[in-house]
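The lines below spell out each chain.
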Number of protein chains: 4
Amino acid sequence: MAVTPFDSSLYRDLFHDAELGKLFTDSAEVRAMMIVEGALAKVQGKLGVTPEISGEAIHRASLELQIDPGGLTAETGVNAVPVPALVQAFRAAMQAPDHAQYLHWGATSQDIKDTALVLRLRQAAVLMDARLAALAGTLAALAETHRATPMAARTWGQAATPTSFGAVAAGWGWPLLDHRARLAELRPRLLRVSLSGAAGTGSALGPQATETAMALAEALGLAAPGHSWHATRDALAEFTGWLALVAGSLAKMGEDVHLMSQTGIAELGAGASDGGGSSTMPQKRNPVQPALLGALARHAATLQAAMTGALAHRQQRDGAAWMTEWLCLPQICMATGRALSIACEMAGSLVPEPRRMAANLAGDGLGLIHAEALSFALAGTMPRPEAQAAVKTLCAEAARTGTPLPELAATRWPEQDFSAVFDPAAQLGQAPAEADRFAAAVRAAP
Amino acid sequence: MAVTPFDSSLYRDLFHDAELGKLFTDSAEVRAMMIVEGALAKVQGKLGVTPEISGEAIHRASLELQIDPGGLTAETGVNAVPVPALVQAFRAAMQAPDHAQYLHWGATSQDIKDTALVLRLRQAAVLMDARLAALAGTLAALAETHRATPMAARTWGQAATPTSFGAVAAGWGWPLLDHRARLAELRPRLLRVSLSGAAGTGSALGPQATETAMALAEALGLAAPGHSWHATRDALAEFTGWLALVAGSLAKMGEDVHLMSQTGIAELGAGASDGGGSSTMPQKRNPVQPALLGALARHAATLQAAMTGALAHRQQRDGAAWMTEWLCLPQICMATGRALSIACEMAGSLVPEPRRMAANLAGDGLGLIHAEALSFALAGTMPRPEAQAAVKTLCAEAARTGTPLPELAATRWPEQDFSAVFDPAAQLGQAPAEADRFAAAVRAAP
Amino acid sequence: MAVTPFDSSLYRDLFHDAELGKLFTDSAEVRAMMIVEGALAKVQGKLGVTPEISGEAIHRASLELQIDPGGLTAETGVNAVPVPALVQAFRAAMQAPDHAQYLHWGATSQDIKDTALVLRLRQAAVLMDARLAALAGTLAALAETHRATPMAARTWGQAATPTSFGAVAAGWGWPLLDHRARLAELRPRLLRVSLSGAAGTGSALGPQATETAMALAEALGLAAPGHSWHATRDALAEFTGWLALVAGSLAKMGEDVHLMSQTGIAELGAGASDGGGSSTMPQKRNPVQPALLGALARHAATLQAAMTGALAHRQQRDGAAWMTEWLCLPQICMATGRALSIACEMAGSLVPEPRRMAANLAGDGLGLIHAEALSFALAGTMPRPEAQAAVKTLCAEAARTGTPLPELAATRWPEQDFSAVFDPAAQLGQAPAEADRFAAAVRAAP
Amino acid sequence: MAVTPFDSSLYRDLFHDAELGKLFTDSAEVRAMMIVEGALAKVQGKLGVTPEISGEAIHRASLELQIDPGGLTAETGVNAVPVPALVQAFRAAMQAPDHAQYLHWGATSQDIKDTALVLRLRQAAVLMDARLAALAGTLAALAETHRATPMAARTWGQAATPTSFGAVAAGWGWPLLDHRARLAELRPRLLRVSLSGAAGTGSALGPQATETAMALAEALGLAAPGHSWHATRDALAEFTGWLALVAGSLAKMGEDVHLMSQTGIAELGAGASDGGGSSTMPQKRNPVQPALLGALARHAATLQAAMTGALAHRQQRDGAAWMTEWLCLPQICMATGRALSIACEMAGSLVPEPRRMAANLAGDGLGLIHAEALSFALAGTMPRPEAQAAVKTLCAEAARTGTPLPELAATRWPEQDFSAVFDPAAQLGQAPAEADRFAAAVRAAP
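If you're wondering where the values come from, they're calculated on a predicted model, not measured in any experiment.

A. Inspection of the interface of chain D and chain A at higher detail. Between chain D and chain A, the residue contacts involve 74 residues of the former and 74 residues of the latter. Along the contact surface separating chain D from chain A lie two salt bridges. Between A:Glu255 and D:Arg314 there is a salt bridge, with the nearest N and O atoms lying 3.0 Å from each other. At the junction of chain D and chain A, the tally comes to 29 residue pairs in polar contact (both at pLDDT 80 or more). Those elements that place two or more of their residues in the side of chain D that touches chain A are helix H1 (12-15), helix H3 (26-46), helix H5 (73-79), helix H6 (83-94), helix H8 (109-145), helix H11 (234-261), helix H12 (288-309) and helix H13 (319-349) of chain D. For the side of chain D that touches chain A, the element with the most residues is H12(D), which contributes 12 residues. Classifying every residue of the side of chain D that touches chain A by side-chain character gives 39 nonpolar, 25 polar and 10 charged.

B. Fine view of the relation of the copies chain C and chain D. Its rotation angle being 180 degrees, the transformation that places chain C on chain D also includes 0.0 Å of axial translation and leaves an RMSD of 0.1 Å. What the superposition gives is, in effect, a two-fold axis relating one chain to the other. Minimal C-alpha separation from the rotation axis in chain C is found for C:Ala305, amounting to 2.8 Å. Both copies share a contact surface, since 100% of the interface residues of chain C are interface residues in chain D too.

C. Representation of the state of the cysteines in the model. Applying the stated criterion across every chain, the model contains zero disulfides over all chains. The thiol of C:Cys328 is unpaired, and the distance to the nearest cysteine sulfur, on B:Cys328, comes to 11 Å.

D. Layout of the interface of chain C and chain D. If you look at the interface, chain C gives 81 residues, while chain D gives 81 residues. Of all residues in chain C, C:Trp156, C:Thr201 and C:Gln315 bury the most surface against chain D, accounting for 10% of the area lost on that side. In this structure, C:Glu238 and D:Arg182 form a salt bridge, with 2.9 Å as the shortest nitrogen-oxygen distance. Applying the counting criterion to the chain C and chain D interface returns 28 residue pairs in polar contact (both at pLDDT 80 or more). The element that contributes the greatest number of residues to the side of chain C that touches chain D is helix H11 (residues 234-261) of chain C, accounting for 13 residues. Residues that form the side of chain C that touches chain D fall into these classes: 35 nonpolar, 28 polar and 18 charged.

E. Seen up close, the confidence of the model for chain A. Per-residue pLDDT for chain A has a mean of 95; in total, 99% of the residues score no lower than 70. Interface scoring of the predicted complex returns ipTM 0.96; its pTM is 0.97.

F. Molecular detail of the packing of helix H9 (residues 165-190) of chain C against helix H18 (residues 431-444) of chain C. Residue and element names in this part refer to chain C. Following both chains from N to C, one finds H9 and H18 inclined at 35 degrees, their axes separated by 8 Å at the closest point. Crossing of H9 against H18: the hand is left-handed. Contacts between H9 and H18 involve Gly166, Ala167, Ala170, Gly173, Trp174 and Leu177 from the former and Ala431, Glu434, Ala435, Arg437, Phe438, Ala441 and Val442 from the latter. Split into classes, the residues belonging to the contact of H9 with H18 amount to nine nonpolar, two polar and two charged.

What counts, and at which threshold
Residues numbered from 1 in each chain as written. Chains lettered and ligands numbered in written order. Predicted model: local features only at pLDDT ≥ 70, side-chain atom pairs only at ≥ 80, totals over all residues. Heavy atoms only, no water. Contact = heavy atoms within 4.5 Å. Salt bridge = Lys/Arg side-chain N within 4 Å of Asp/Glu carboxyl O. Polar contact = N/O pair within 3.5 Å; in protein donor to acceptor, adjacent residues only side chain to side chain. Helix = DSSP H or I, 4+ residues; strand = E, 2+ residues; numbered from the N terminus. Nonpolar A, V, L, I, M, F, W, Y, C, P; charged D, E, K, R; others polar. Least-squares fit on C-alpha atoms with pLDDT ≥ 70 in both. Disulfide = S-S within 2.5 Å. Buried area = accessible area lost by both parts, 1.4 Å probe. pLDDT = per-residue confidence, 0-100. Axes fitted to C-alpha atoms, helices over the stretch in contact; angles between N-to-C directions. Left-handed = near helix turned anticlockwise from the far one by under 90°.

Rendered as structure tokens:
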């Protein structure tokens, strides 16, 4: 393991996400910072802040030059940010000092580093959204197929009433649609350029500071916030908070799959994916995906506490708060992104076992799961509290004597027909409709 | 101290928020649950699910009856939720069993407890929004008054470049406007009725389950989500996440005020509020408000980790996850609500000291804070990297010899006029404009 | 609910711990602070720092006077700490200004508040230790009784190999013994007097500052650390960290009990405690205790992050860091204390169901749980990797065809006797011995 | 940046710790697991569990073979743990199937992975302890040198009373000695072998399971716990909790250094290390080390919440809980280890500025910092409450009129000699003695 399994080669296939991983490498950061410097120089040249020809030259160089992150390490260790080293290396590599002097004109390190981060978060957000949509689609298919496949709903781990597997799958899916809506809402707050100079006033950007920021934003396809966000980091913490919510919703699905897959419950089979093997137990097929979902979600939720704490960003720049973001933000992105890709795989390979679901619903044959339905059926002929008390007594009798509840009920109230009461398929309530509604909502989503 | 200072009498004036506190009492919870039960009974009566006269009777009783929370303690201890005890006490108190039997018809405890929570969160959200607006207004006034009051911007704790106190106040305020926008966006996801019965399928609610939920929502002024959210808790975690963000933004203001108030910096006076006294040091006036803002924000951020973790809500109801919400959600509300009221008081009583700001900006008289401006001034006559290196050398010389930077610059480049460079008022950059823009944005806000 | 369920009347029987709760009330805090002030005055009188008669008078008054916390609220709200108000009220109540002037001589608020906290933590630690011992005893009895009761060990939720319920109970218990050892180790670091005056130098305590601290420590039965700990809070964070560890170990037991109690697994019955009832489902007996253990442990673990964060205590006193302790420490104590009392109740009322354990171990009759044992049995006659591969193939065949593994093995290797391999009682390995060792260790513990 | 700055090349000199980093690489993990497998095979051979010659062969191979972690990636991705892949690769590489079959005999993946972790944590603990000792030594030297260098103690950011810089340095150091004591106490609980087979019963280890574990422990220089700790992870969480405490103590030092280094306070100079430069401000020398200490401590404290949460480890192995450790434990080690090396560098390069300390102590010349001393001086001639009130009035007058407190006191009580009261050197209280005691304690430490 490297210091984290995200960056480990050994654990790569468990924790690493190839698509997202590309965004969080030294090279990707350096490349993104060069793009920002190049775009800045170009718009400053166009606006006449600096010579247009120099702006063009820097912009071209930003696309063509290769700067090795390894060469920036030592100076980054001194300055705490890689930008001074990058600017120096960039200038040297241009071999055109007359133009190169206009590189990084009026900007501060944080402008460059933050904007470069936002550029990569934009790609991350696109990936996340696509995965949410794909996962919702997979769950919609499950919801439809199993809209009326009866299984035992469980509360506090105990059989409660019948539900359908389709409704359960829809339950996993509903939050994903809301997460997509949340992302759409926060996106304009997140995807903003940072350009406010040394200490937030843009004084070295000259009188055209505002115009420059707007032009830079346009060039990069971002928004211009109209004020400095060097020290007000709520948009970043909002985004990571959203990521933690997403991971949490996936962990719920993971927990349910884990529990449904337990030996002795077995409502979900291991599916196409073979499950994890043991080094010593030949029979084992461990549900690895749900475990990963659980671990990744806890990780995101935990780190988000530090991200939110880093909002207490002191004065005009706070090294400790800023570095806290470096430690947390990419990990949260990776944790949630990887959780999404795992959830997509997992959802796509689930093998529901309707027979096991039915068997578990029938339980030990006592039919106690139908107690609520029985109490409501009886409430037509006696007051509900009385009905409930009578059924409670019967449940205890069933448990004590082993006589099934349907039998006890038939004996006690021979005149009533309880066939629908004890038929799971007739007791699904809104479950099939919720499954349908979810599938329809997915289809209607953008 | 009680177990928390929120519920302590001794620490009440520090941690307790009278308005919010009213929402998080046993009585308020019982009252809200009765309102939900009453409204449910009424709409069920109207829809013909239950006798209309019974619905009316229950509804009336829900408004008139007083049920003492203390009487529900013992049974709540057994059932883990207070609803069974409440239903029983409610029925008994009605003294009309024919009607009372229709109380809580088809609902489950979680429906009632969750909807009752949402009703109170609606009030909390209104309070929070009003305080955010008030605080933004106070900061807007500060921003305008001090739009061009120069002070030293600080990065990494070190003097960086000049800024204005108005820009600093605006910096505290911008996130508040975004927080208001976020609240408006999440509100429809939060303010939803829960009505999906024993295990999320609403089976005992009968064929009119959906209609009933919609009617209940209308009666309570909430939305009907169209699906169960017993086990998908993202809307609650989203709201507490928002609260944690708000508290974080206030902590930033608290940190800045703390640092500006330090002995030896003294850019902010203690103001109307006298500050906290010491039991032994007669001269002390401790800045209590910033400390509270810091502590409350950390608390909210920390507890939010548990709220997010509780999204891994198992199956159709998960006692441990649900109870985690009980432990965290009200505290986060209280922490942020109290932080808002403290921030309002604090912002309203700040006494900026422009003379101290100017003195600190001037520093030890070396003028090093103007180094960036000098380097840009020189960049007109020499390449910028050269200018920057030259100024760096001069800064070191100033520090070593005690000769001020302006003097050194005048000696070295006698032909140049640096008067604007070393005039803080001329070096504010966008600071006054940002202060103005913030004030305008506050005025334009709803 | 009050702001937390710890302080709620409605949720009292779930979350409140009567014994511990007594330590965390306003009255208990005021009372403890008075004891500290009384003891300090007495030892200062004895040492001649102040008139002996005054010291005696204050000491007597500290035991006799009743000071209402409610009367200190307003001034506490101003000063952030209750000590100035308490000193003033104490002096007034003594009605002997000549003596009363020597109250709080040379001390600072933090000395009094911290020492008063330590006095109460001493009681909390005694309670915790006693509960740990009691719980270990209960588990030792379970371990002995069920030392050889076979059940399926589960890894990743899947049946792994046989174990015994006694070994499982011992597994819950081992950490408790280590927790007791840890407590004994940290106790001397925690149970220390704080007396270092206004800013840690004890300057107003006079030349006898060190002697005074030692005498005060002796009077209160605490240690004297020999230095100020106003701003170095590691002993408090160590203690709450220990509490969080304890709660975590109890949550593991809770999780296991929850999983063993699931409908369809049912290896543990609801026992003497009836379980929580539902407001609508007559058959439900919800496992409330495991859920509480889960929620309380998460709460303690989460809050501990803030306690540890508060070690970054600035300068000689940091209001924000200190207040963070007020928000977290009592809650962590209460969470763990309550978890311990719940765990004691739960462990004492567990009803193991050996028949269900045996049935689950037998599983669907395929005997896959014995695969590892089979592979080792075969390793006597063929290389182990070959044996393992052969068994893996057989397991797959069993799953596909429904033919039990013992049958397949007998067919394939008719010459071998596998009777011990497929006998759970013969496959318990070290489980009974571990159960015995645990019981012996508990008996040997102090 | 890689996903974390710990694993980044670009940020290596800021976040990476070369010595510790070596312990947390894929290669180091594979190497350590091979050592465990080799030692296990050897002791099993010696005990006659397996052929002695095979044990020897495996042991030799474990020292000689090189297994590339990259070759294990794919299968690790399937099994979630690298051990099955490693065992297979190891066997293949031995090219001696007769011996190789006895590799990993009776063990499970977790035995190997956990014991391999413990081996590396042993090295980490040695490093940490040495750094703690070194840092304590550096602080002891500072404490001695500056035992009586007066500076202003600050509470709530405000000048409180005089202290000495030596006492402040001692304050940073005291917790380090306690941390060393804590480490010595927890070490035997942490440094234990894990060997309990597939599901904690060691059934495949045969009748000599206990003997084997003891022999393995001896071979590796670890303890044998006498029971399985597959699912009871308190020793790991205790260790990371200790790491978080250590990091917290270092963050306190970092905060103080940051605050003492602020422009306008300047009680600590930048020292040998030049401080971080800015990309645009030529004069900047940013205090990078304190910022890193703050960020790393927050990170450790935050991740510890997840480690503690992972104590709720389900059944006999819980994938999600275990993977949480993988995500957190190495990062916490790295964060604290790096914080220690930074703190050592920082402490060794601090440049105290006694003149600035004296100037800040003198403040604006009003002498308010001596108010407590004045009140105690007066308490000889009037009741203390009266003295305190009188001084409070005088402080207010001083602040209002600008007349220094000494002057006001001399006018008001012309008969008293206040020369010692207003002499910082005479008002240091126990500060020099605490500095001396700390230096002595460091010298006395092992």
